[in-house]
Amino acid sequence: MTDAVLEPTKPVFRRLTLIGIGLIGSSIARGARAKGLAEEIVISTRREETLERACALGLGDRYCLDPAEAVAGADCVIVSVPVGASGAVAAAIADHLAPHAIVSDVGSVKADVVRQMAPHLPAHARFVPAHPVAGTEHSGPDAGFAELFENKWCIVTPPEGAETEAVETLVAFWRGLGSKVETMSPEHHDMVLAITSHIPHLIAYNIVGTAADLEKVSESEVIKFSAGGFRDFTRIAASDPTMWRDVFLHNREAVLEMLGRFIEDLFVLQRAVRFGDGEKLFEHFTRTRAIRRGILDLGQDTTAPDFGRVPKKD
Ligand code: NAP
């Protein structure tokens, strides 16, 4: 199901509870406030200092350290914590959810999050997991911004038998935040994201690590000449270590399958370089250039040179 961006005309939720108020949670809070998508926003997070920061930033209307207290009376609860913590959060809130509350999350992995959360949730809760495919390398409540989801995809992964009305309500909420929404199974989501997001992050973490360990090229040379391609990997490799550790621990099968394919293809390129097979390299690079054009055509990146980076003025 693919839809255009629609602006809701009235709040989608009366009380929206956000558990976890980092980059994603705080962007939801800011976006929901800016677009009037919830009459009341209740915020809960693990540490007192993060909750105080959320309060100082004015991200919600009420703040609770206790997630059980935070979900009371909420018609929607969105969990935005590292995926490895999803099960524990579900266990903590399960007995305190309002009848017919929609429970959702934003985790970058879906099948494992469903496995972790679903067994804890009561039959009356309407569980509709989702994943906004939007982010930055920054973390915490200060990192979020209301426009993060605008014109970006949000993938909704309803478990089998999910109530249509609950799915439609959550879809309306994400459209209200400016997202384009697509629905698929959790397992398919994990395969797609393994190749489009998880493997690219693994490659970035790897190449930055390799460069840091080189003996023949100094660290200052790596930094000085980073615009030759390396710099864009360093941005990705600066992403939150906890979040990404959890992604690889909880999407292991799909990542290993895609990594196997990636390594096979890398050997083909290695062979072409070794044997000076220019035709193979040219054909490959021409094909990949077309993928970039497709991304630009869909408005998922900028055509500005240097990815739209503004040159520094001296
Ligand atoms: P973040 O900025 O680091 O914020 C994490 C939030 O989770 C904080 O409120 C933190 O609370 C809480 N938290 C951390 N560990 C916890 C634990 N063990 N138990 C309970 N709460 C815990 O992270 P984020 O970037 O918003 O990511 C949140 C989720 O969004 C992840 O599942 C990630 O996969 C998904 N996601 C991220 C991106 C991205 O680009 N970053 C994009 C799409 C989806 P305290 O500060 O109080 O400890």
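What you see is a predicted model; the values in this text were computed from it and never measured.

Visitor: Describe in detail the packing of helix α7 (residues 186-213) against helix α10 (residues 241-250), supporting the description with residues and values.
Guide: The contact between α7 and α10 brings their axes to 11 Å, and the two run at 120 degrees. Relative to α10, the element α7 lies oblique. Of the two possible hands of crossing, α7 and α10 adopt the one that is left-handed. From α7, S197, H198, H201, L202 and Y205 reach across to α10, where they touch W244, V247 and F248. Looking at side-chain class alone, the contact of α7 with α10 contains 5 nonpolar, 3 polar and no charged residues.

Visitor: Tell me about the nonpolar core, and please be specific about residues and values.
Guide: A general tendency of soluble globular proteins is for nonpolar side chains to be buried together. Counting 36 residues, the largest nonpolar core has L16, I28, F173 and W174 as its most contacted members. Not counting the four nearest positions on each side in its chain, W174 is found in contact with I28, V106, A130, P132, F149, C154, S179 and V181. In this structure, A74, V77, F127 and I199 belong to the second largest nonpolar core, which totals 26 residues.

Visitor: Let's hear about the sheet that holds strand β3 (residues 62-64): which residues, and what values?
Guide: The parallel open sheet is built from 6 strands, whose spatial order is β3-β2-β1-β4-β5-β6. A strand with exactly one partner marks an edge of an open sheet, and here the two such strands are β3 and β6 (126-127). Note: strand β2 (residues 38-44) against β3, 3 bridges, orientation parallel. Bridge assignment links V42 to a residue of β3, and that residue is R62.

Rules of the game
Residues numbered from 1 in each chain as written. Predicted model: local features only at pLDDT ≥ 70, side-chain atom pairs only at ≥ 80, totals over all residues. Heavy atoms only, no water. Axes fitted to C-alpha atoms, helices over the stretch in contact; angles between N-to-C directions. Helix = DSSP H or I, 4+ residues; strand = E, 2+ residues; numbered from the N terminus. Parallel < 35°, antiparallel > 145°, perpendicular 65-115°, else oblique. Left-handed = near helix turned anticlockwise from the far one by under 90°. Contact = heavy atoms within 4.5 Å. Nonpolar A, V, L, I, M, F, W, Y, C, P; charged D, E, K, R; others polar. Core = buried A, V, L, I, M, F, W, Y, C linked by side-chain atoms within 4.5 Å. Buried < 20%, exposed > 50% of the residue type's maximum accessible area, 1.4 Å probe, protein only. Pairing = 2+ DSSP bridges.

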